[in-house]
Amino acid sequence: MYQVGNLVKELSDKHGRMRESLMPILQEIVQKHNYLTDEAMVEVARELDISAAEVYGTASFYTFLDTQVKGKYVIRVCKTITCSMKGKSDIIQTLEDMLKIKIGETTTDKQFSLIETNCIGWCHKAPAILINEMPYTELTPEKVSTIIKDYMQK
Amino acid sequence: MENKGLNKVDLIFEKIEPKEVLIKAFKMSSAEIIQNMLDSGLKGRGGAGFPTGLKWKYTAAEKSSEKYIVCNADEGEPGTFKDREILERVSDKVHGGMAIAGKAIGAKMGIVYLRGEYRYMLPKLMIELDSFHKMIKEIGYDFNIEYRMGSGAYICGEESALFESIEGKRGEPRNKPPYPTVSGVFDKPTSINNVETLVTAMMIIQHGAKNFTQYGTKDSRGSKVFSVSGDTPTPGIFELELGMTVQQFVNVFGDGDTKAVQVGGASGFCVPRKKFAETIIGFEGVPTGGSMKLFNSSRSMYNLLHNYLDFFTEESCGQCTPCRVGCQQLLKGVEKVKKGEAKSTYLNELMKLADSMKIAAKCGLGQSVGNAFKSIVGNFREEIIY
Ligand SMILES: Cc1cc2nc3c(=O)[nH]c(=O)nc-3n(C[C@H](O)[C@H](O)[C@H](O)COP(=O)(O)O)c2cc1C
Ligand code: SF4
């Protein structure tokens, strides 16, 4: 759980207080804090003068606007056909072993979340994952374990 | 049928002086630009293939002080990655194409809707957009572009869902009519075009409509950027002339053992080996937004079908029953047949369901689930059953 503090006000000053400002505001909260708390959504509703249900309804539609606790680094493994054909399962196995969590879970120290996602546009360099915004492609178990070790040291 | 064979083309990534092309375009009247598009025969590169000239003509005809040109960079179709490559390599041409479209339809505002999965590109794109705005100013023209980000929803590539998303709402497709040309984003007349369409439009202004029509066939003019993946020794992005057969494509990109090619992604069609020679890639045969996935004989077509149905079940916006329930039932249905819990004739029922979805679903997502379903089940029935 994080405190939104002045963030929502700052973001509303930056993106505006119109209905169309909603997505950019929610997106930036997620960029900073990894997911949306109820408090954050209520605060956004107040700032934009719309109902909290509208904010929740919008947020819950979009897979990247998480309303459940997520770690600092969200790992999204592409599960669409080419990545599946080119070794996605080995990548997931490696990640699960390293992080000691299953798909859909977050590590207890809230550093990593591991989820599957639909096509991320790197089929020619499958298998591919996103860690927050960054794509990593042409992965092997060795490659992915080096990448995760780097993140663990951050 | 016209068959042009497989020819590489260099139009989309060709080095040009964007400023000169824009100066040329801004000297033209709106009607002249639109006529160029009509003469070129350019059809939208986002999948649906609506003639770009007509779209611009209809939007231009609307009387409104506020109009928009929206660039669809949502690129969520499985197997498509060409728009990302285009934006990475020639964003100046995307922005330029938007300005030209803006001139044609009478819009001073452009919005690029970029999928959330591509957010990592944003810092570089912002720098390039800055230079673009400076250049436009130097020319003495008034046109402004903004970027809006998606947040991981395939349906937001559908034009009206995309508008809803820009407006800060759930990405649920609207009823049509009214069409975007009349009432699009913020309920203003809008032309929405795919990334590649806009770049192609700019190249048509550069080289002339006539030059463009030498490529492709009567129904599918020009060239197109293909995203090639799957069982191929050479995956990647290739710009090819339209009008080749799947066989010609496989001869170049296959691994010698190609069993099927999925043309157009999850919402496209599966072409089996026995139909390679007779199937043209283009609007007269199998249309495609550019996704070409090759499968060799080691691959299970049941896995392919299951993967796609799983995709649609997750990505259906849930707004209309034929699609929401239909996707779930197709998925459960093939699982049951595979496990032997339902007879193989149950597939016939599922085929009918796919037909009903084509008629009854509200938007292109639900309407095209049947494309992959019917072509995979129709051609690889044994693999689905056993
Ligand atoms: C479910 C669905 C997803 C779509 N996704 C995209 C997309 O990612 N990119 C795109 O350009 N068009 C997409 N389209 C097509 C758009 O609705 C629209 O036709 C297109 O952006 C128009 O541009 P064009 O005429 O230049 O092709 C999608 C359509 C549907 C039904
Ligand atoms: S067809 Fe599917 S995606 Fe389209 S409106 Fe209906 S439920 Fe939503």
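## Some details on the overall build of chain B
Then step 1. When you go through chain B residue by residue, the secondary structure sums to 14 helices and 9 strands.
Then step 2. Relative to the 2.2 N^0.38 estimate, which gives 21 Å for 386 residues, the radius of gyration of chain B is 21 Å and therefore close to what a compact globule would have.
Then step 3. Counting only C-alpha atoms, chain B reaches 70 × 45 × 35 Å along its principal axes.
Then step 4. With 386 residues in all, chain B has 60% of them scored as buried.
Then step 5. Counting every atom, chain B has about 14400 Å² of accessible surface; 50% of that belongs to carbon and sulfur.
Then step 6. Placing the 50 positive and 46 negative side-chain charges of chain B at their respective mean positions leaves the two points 3 Å apart.

## Thoughts on the site of ligand 2
All names here are of chain B.
Then step 1. Around ligand 2, the surrounding shell holds 13 residues, and the nearest of these are Cys317, Cys320, Cys323, Cys363 and Gly366.
Then step 2. The pocket occupied by ligand 2, as judged from atoms lying within 2 Å of grid points, is the largest cavity.
Then step 3. For the shell around ligand 2, the residue count by class is 8 nonpolar, 4 polar and 1 charged.

## Remarks on the domain arrangement of chain A
Then step 1. Splitting chain A by domain gives domain 1 (4-61) and domain 2 (73-152).
Then step 2. Computed from C-alpha atoms alone, the centre-to-centre distance between domain 1 of chain A and domain 2 of chain A is 28 Å.

## Regarding the site of ligand 1
Residue and element names in this part refer to chain B.
Then step 1. Taken together, 20 residues form the shell around ligand 1, and within it Gly46, Lys55, Asn72, Asn194 and Thr197 come nearest.
Then step 2. Side-chain polar atom of Lys55 to an oxygen atom of ligand 1: 2.9 Å apart, as the coordinates give it.
Then step 3. The backbone of Gly76 places a nitrogen or oxygen atom 3.5 Å from an oxygen atom of ligand 1.
Then step 4. Starting from 610 Å² of accessible surface for ligand 1 in isolation, the protein chains cover 89%.
Then step 5. At the level of secondary structure, the elements contributing two or more residues to the shell around ligand 1 comprise β4 (190-194) and α13 (364-379).

## A word on the packing of aromatic side chains
Geometry of an aromatic ring pair is reported as the spacing of the ring centres plus the angle between the planes.
Then step 1. Counted by the stated rule, this structure contains 12 aromatic pairs over all chains.
Then step 2. A centroid spacing of 6.2 Å and a plane angle of 80 degrees characterise the contact between Tyr136 of chain A and Tyr151 of chain A, whose relative ring orientation is edge-to-face. Here Tyr136 of chain A, found in strand β4 (residues 134-136), pairs with Tyr151 of chain A, found in helix α7 (residues 141-153); they are 15 residues apart in sequence, far enough to count as distant.
Then step 3. The ring centre of Tyr151 of chain A lies 4.1 Å from the NZ or CZ of Lys154 of chain A, which sits over that ring.
Then step 4. Above the face of the Tyr118 of chain B ring, Arg115 of chain B is positioned so that its terminal group lies 5.2 Å from the ring centre.

## Focus on unusual backbone geometry
Then step 1. The linkage connecting Ala126 of chain A with the following residue, Pro127 of chain A, adopts the cis geometry, with an omega of -5 degrees.
Then step 2. With respect to the helices and strands, the residue Pro127 of chain A is situated in the loop between β2 (112-117) and β3 (129-131).
Then step 3. In this model, Pro177 of chain B is joined to Pro178 of chain B through a cis peptide bond whose omega is 0 degrees.
Then step 4. Its place among the elements puts Pro178 of chain B in the loop between α6 (159-166) and β4.
Then step 5. Its identity is not glycine, yet Glu138 of chain A carries a phi of approximately 50 degrees, on the positive side.

## Things to note about the sheet that holds strand β1 (residues 68-73) of chain B
Two pairing modes exist for strands in a sheet, parallel and antiparallel, and in both the strands are linked by backbone hydrogen bonds.
Residues and elements named next belong to chain B.
Then step 1. Spatially, the 4 strands line up as an open sheet ordered β3-β2-β1-β4, and their pairing is parallel. A strand with exactly one partner marks an edge of an open sheet, and here the two such strands are β3 (144-149) and β4. Taken pair by pair, the neighbouring strands of this sheet meet at an average axis angle of 20 degrees, ignoring direction.
Then step 2. Summarising the sheet, strand β2 (residues 109-114) and β3 pair through 6 bridges and their orientation is parallel. Directly across from Met109, in β3, lies its bridge partner Asn144.
Then step 3. Along the sheet, helix α5 (residues 122-139) contacts β2 and β3; its crossing angle with β3, the most-contacted strand, is approximately 170 degrees.

## Looking at the interface of chain B and chain A
Then step 1. Residue-level contacts link 49 residues of chain B with 32 residues of chain A.
Then step 2. Roughly 3200 Å² of surface becomes buried between chain B and chain A when both sides are summed, with 55% attributable to carbon and sulfur atoms.
Then step 3. It is Arg119, Tyr120 and Ser151 of chain B that lose the most area in chain B upon contact with chain A, and together they represent 19% of the buried surface on that side.
Then step 4. In this assembly, chain B and chain A are joined by 3 salt bridges.
Then step 5. Where chain B packs against chain A, one counts 23 residue pairs in polar contact (both at pLDDT 80 or more).
Then step 6. Within the residue set of the side of chain B that touches chain A, elements represented by two or more residues are β3, α6, β5 (223-230), β9 (291-296) and α10 (301-315) of chain B.
Then step 7. The dominant element in the side of chain B that touches chain A, judged by the number of residues it contributes, is α10 of chain B, at 8 residues.
Then step 8. Along the lines of polarity and charge, the residues of the side of chain B that touches chain A split into 18 nonpolar, 15 polar and 16 charged.

## Comments concerning the domain arrangement of chain B
Note: interface size is frequently given as the accessible area lost on complex formation between the parts.
Residue and element names in this part refer to chain B.
Then step 1. When the domains of chain B are assigned, the result is domain 1 (18-213) and domain 2 (301-385).
Then step 2. The centre of domain 1, based on its C-alpha atoms, is set 33 Å off from the matching centre of domain 2.
Then step 3. On the side of domain 2, 8 residues touch domain 1, which itself brings 11 residues to the contact.
Then step 4. Taking both sides of the interface into account, the surface hidden between domain 1 and domain 2 amounts to around 840 Å²; carbon and sulfur atoms contribute 69%.
Then step 5. Of all residues in domain 1, Tyr154, Ile155 and Pro173 give up the largest surface area on contact with domain 2, accounting jointly for 53% of the area buried on that side.
Then step 6. Counting across the domain 1 and domain 2 interface gives 3 residue pairs in polar contact (both at pLDDT 80 or more).
Then step 7. In the side of domain 1 that touches domain 2, the residues fall into 5 nonpolar, 3 polar and 3 charged.

Rules used throughout
- Residues numbered from 1 in each chain as written.
- Chains lettered and ligands numbered in written order.
- Predicted model: local features only at pLDDT ≥ 70, side-chain atom pairs only at ≥ 80, totals over all residues.
- Heavy atoms only, no water.
- Helix = DSSP H or I, 4+ residues; strand = E, 2+ residues; numbered from the N terminus.
- Rg over C-alpha atoms; globule rule 2.2 N^0.38 Å.
- Buried < 20%, exposed > 50% of the residue type's maximum accessible area, 1.4 Å probe, protein only.
- Areas by Shrake-Rupley, 256 points an atom, 1.4 Å probe, with all protein chains shown as cover.
- Lys, Arg positive; Asp, Glu negative; His and termini not counted.
- Charge placed at Lys NZ, Arg CZ, Asp CG, Glu CD.
- Near = heavy atom within 4 Å.
- 1 Å grid on protein atoms, 1.4 Å probe; cavity = no way out; pocket = protein on both sides within 12 Å on 5 of 7 lines; lining within 4 Å.
- Sits in = over half its atoms within 2 Å of the grid points.
- Nonpolar A, V, L, I, M, F, W, Y, C, P; charged D, E, K, R; others polar.
- Domains from an automatic or database assignment.
- Polar contact = N/O pair within 3.5 Å; in protein donor to acceptor, adjacent residues only side chain to side chain.
- Phe/Tyr/Trp six-rings, centres within 6.5 Å; stacked < 30°, edge-to-face > 60°.
- Lys NZ or Arg CZ within 6 Å of the ring centre and 35° of its normal.
- Pairing = 2+ DSSP bridges.
- Axes fitted to C-alpha atoms, helices over the stretch in contact; angles between N-to-C directions.
- Contact = heavy atoms within 4.5 Å.
- Buried area = accessible area lost by both parts, 1.4 Å probe.
- Salt bridge = Lys/Arg side-chain N within 4 Å of Asp/Glu carboxyl O.

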